[in-house]
Amino acid sequence: MGMDKTSQFKALDERYYMPAFSRDMALVKGKGSLVWDAEGKEYIDCVAGIAVCSTGHCHPAVVKAICDQAHELIHCSNLYYIPHQGDLAKKLVEITGMHKAFFSNSGAEATDGALKLARVRTGKKKFVAFVHGFHGRTIGSLAVTYKPAIREPFEPLGLNCTFVEYGDLEGLKKAVDSDTAGIIVEPIQGEAGVIIPPDSFLTGIREICDSTGALMIVDEVQTGMGRTGKWLAVQYTKAKPDIVTLAKGIASGFPMGALVAREDLEFKKSEHGSTFAGGPLACAAALATIGVIEKILPDVSRKGDRFRQGLEEYNPRIRGLMIGVTMGDKCPEIQKKCAEEGVLVNCAADGNLRLVPPLVISDKEIDRVVRVIHGALGTIVL
Ligand SMILES: *Cc1c(COP(=O)(O)O)cnc(C)c1O
């Protein structure tokens, strides 16, 4: 008897791959909101690569854009103008209402770029970020990421950052001084478990930035690109950021990140760069992704409301298709039960069940997800 396919993945992983992840499934195929594991079992994917597969898995328009471009030119370097790069920058500037864009390969690198831009243009040194905030795991972005368990083993990080309670404008006023280059904030905290602040929090940060000269850096890596029903979550408020970072959903799973900044805020010659960033394939994938999202964006909030109705009794926190439900320490068990019933969900921090399905998820699929979650909870005493 041979090993099942998942065991083969596991055996190679245990022997040859550094054990930084906890996992027990292999996903090998996807289409729309569905994925299949190595044993052929089908799931509705409410994880979507953690809010990445925005247009669903292997959307034909995205696949075609990547394949077409792969036949023409895969890489050439930013020493040259790059196919699709200018078109994508224009599109991002238009949908975000910002002035210019710069690309990276991930969310963490987008954070690093934003921190560098804030420092080099303000000439100031320090940053303020928020408790339970997440901005990435590079040495730079880690310095503004809260979670002590993932940050402290790597200190010193060479970047002075003060953490303030999320939502605490009085505390923020005290933490910002004349040497603060930027305040970095998620408009909805994602890794923390979908924590939605009042609109007045973001407008309050804007006011503090205006009075101190610190830049307002809004990390939309998870919330951006239509996830919440608008291109940016900050567009639900009147606050106008100085810098916005994007990644996860931007290219349907092709690695890419971006920052967009307001007028008079840009990198000058040689101040920043990256070999792969803004390459032809990534830009083609992102442009196709935006084309798909443009069509489905008006429906995202309605789909979120459908989840809201279905999950009402559990007091879900919902904006568009970013959904958090507090489940406590039973969260991993619920995640497991849902998987058994063919629905992938994810436990974010503090026992918060997080659902970030593809934006293309259908009403029928939403109803099935809701039924499965009710079923899982029915068998588990909270
Ligand atoms: C995921 C995430 C990041 C980091 O993105 P990577 O692509 O994993 O480096 C940064 N900020 C937020 C808000 C995120 O959700």
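Higher on the page you've got the structure.
None of the values given here were measured: they were computed from a predicted structure.

**Q** Is there a simple way to explain the overall build of the chain in this structure?
**A** Counting its secondary structure elements, the chain contains 12 helices and 15 strands. Its C-alpha radius of gyration of 21 Å places the chain within 12% of the 21 Å reference for a compact globule of 382 residues. In terms of overall dimensions, the chain has C-alpha extents of about 65 × 50 × 45 Å along its principal axes. Within the chain, the proportion of its 382 residues that are buried is 51%. Pairs at least 24 apart in sequence give 73% of the contacts found in the chain among residues at least 6 apart. Looking at the chain as shown, the accessible area adds up to about 17,900 Å², and 55% of this sits on carbon and sulfur atoms. Looking at charge distribution, the chain has the averaged site of its 45 positive side-chain charges lying 2 Å from that of its 46 negative ones.

**Q** Can you walk me through the pattern of salt bridges in this structure?
**A** A side chain of one charge can pair with a side chain of the opposite charge when the charged atoms of the two come close. Overall, the coordinates contain 21 salt bridges when judged by the stated rule. Here E94 makes a salt bridge to K90, at a shortest N to O gap of 3.2 Å. A residue pair is termed a helical-turn pair when its members lie 3 or 4 positions apart in one helix, as E94 and K90 do in helix 4 (residues 85-96) at four residues. The closest approach of N and O atoms between R302 and D363, which form a salt bridge, is 3.2 Å.

**Q** Looking at this structure, how should I read the nonpolar core?
**A** Within soluble globular proteins, side chains that are nonpolar generally end up buried alongside one another. L92, I183, I205 and F307 are the most contacted members of the largest nonpolar core, which totals 78 residues. Sort the elements by how many residues they give to this core and helix 10 (residues 280-311) lands first, with 14 residues. Two domains each put at least three residues into this core: domain 1 (5-58 + 303-352 + 361-378) and domain 2 (60-295). The residues contacting F307, other than those within four sequence positions of it, are I318, L321, I323, L355, P357, I361, I366, V369 and V370.

**Q** Please explain helix 3 (residues 60-72) as it appears in this structure.
**A** Note: α-helices contain 3.6 residues per turn, so residues at a spacing of three or four share the same orientation. Taking 1.5 Å of rise per residue, the 13 residues of helix 3 would be expected to cover 18 Å, and the 18 Å separating its terminal C-alpha atoms lies within 8% of that figure. Of the positions making up helix 3, those classed as buried are V62, A65 and Q69. One side of helix 3 carries all its buried residues, which in axial view fall inside an arc of 65°. What points out from helix 3, more than 90 degrees from its buried face, is the exposed set P60, K64 and H71. Elements in contact with the buried residues of helix 3: helix 10.

**Q** Quick question: what am I supposed to make of the sheet that holds strand 15 (residues 352-355) here?
**A** By definition, the strands of a sheet pair up through backbone hydrogen bonds, in either a parallel or an antiparallel sense. In spatial order, the strands read 11-12-15-14; together these four strands make up an open sheet with antiparallel pairing. If you trace the sheet from one side to the other, it starts and ends with strand 11 (317-319) and strand 14 (346-348), each paired once. The average angle at which neighbouring strand axes cross in this sheet is 25°, direction not considered. In the sheet, strand 14 pairs with strand 15 via three bridges, with the strands oriented antiparallel. Residue N346 lies in a different strand from strand 15, and its bridge partner there is R354. On top of the sheet, helix 11 (residues 331-340) reaches strand 14 and strand 15; it is set at about 165° to strand 14, its chief contact.

**Q** Help me understand the site of the ligand, please; the structure alone is not making it clear to me.
**A** Neighbouring the ligand are the residues S106, G107, A108, F134, H135, G136, E186, D219, V221, Q222 and K248. Contacts to the ligand include G107, whose backbone N or O atom sits 2.8 Å from an oxygen atom. Notes on the ligand: free accessible area 380 Å², of which the protein chains cover 81%.

**Q** For this particular structure, what's the right way to read helix 4?
**A** If you check helix 4, its first and last C-alpha atoms are 16 Å apart, about what 12 residues at 1.5 Å a residue would give, namely 16 Å. Within helix 4, the full set of buried residues consists of Q85, L88, A89, L92, V93, I95 and T96. Considering only its buried residues, helix 4 is in contact with strand 4 (100-104), strand 9 (243-246), strand 10 (257-261) and helix 10. Following helix 4 by one or two positions, G97 adopts a phi angle in the positive range, close to 70°.

The rules behind each value
- Residues numbered from 1 in each chain as written.
- Predicted model: local features only at pLDDT ≥ 70, side-chain atom pairs only at ≥ 80, totals over all residues.
- Heavy atoms only, no water.
- Helix = DSSP H or I, 4+ residues; strand = E, 2+ residues; numbered from the N terminus.
- Rg over C-alpha atoms; globule rule 2.2 N^0.38 Å.
- Buried < 20%, exposed > 50% of the residue type's maximum accessible area, 1.4 Å probe, protein only.
- Contact = heavy atoms within 4.5 Å.
- Areas by Shrake-Rupley, 256 points an atom, 1.4 Å probe, with all protein chains shown as cover.
- Lys, Arg positive; Asp, Glu negative; His and termini not counted.
- Charge placed at Lys NZ, Arg CZ, Asp CG, Glu CD.
- Salt bridge = Lys/Arg side-chain N within 4 Å of Asp/Glu carboxyl O.
- Core = buried A, V, L, I, M, F, W, Y, C linked by side-chain atoms within 4.5 Å.
- Domains from an automatic or database assignment.
- Expected span 1.5 Å × (residues − 1).
- Arc of directions from axis to C-beta.
- Pairing = 2+ DSSP bridges.
- Axes fitted to C-alpha atoms, helices over the stretch in contact; angles between N-to-C directions.
- Near = heavy atom within 4 Å.
- Polar contact = N/O pair within 3.5 Å; in protein donor to acceptor, adjacent residues only side chain to side chain.

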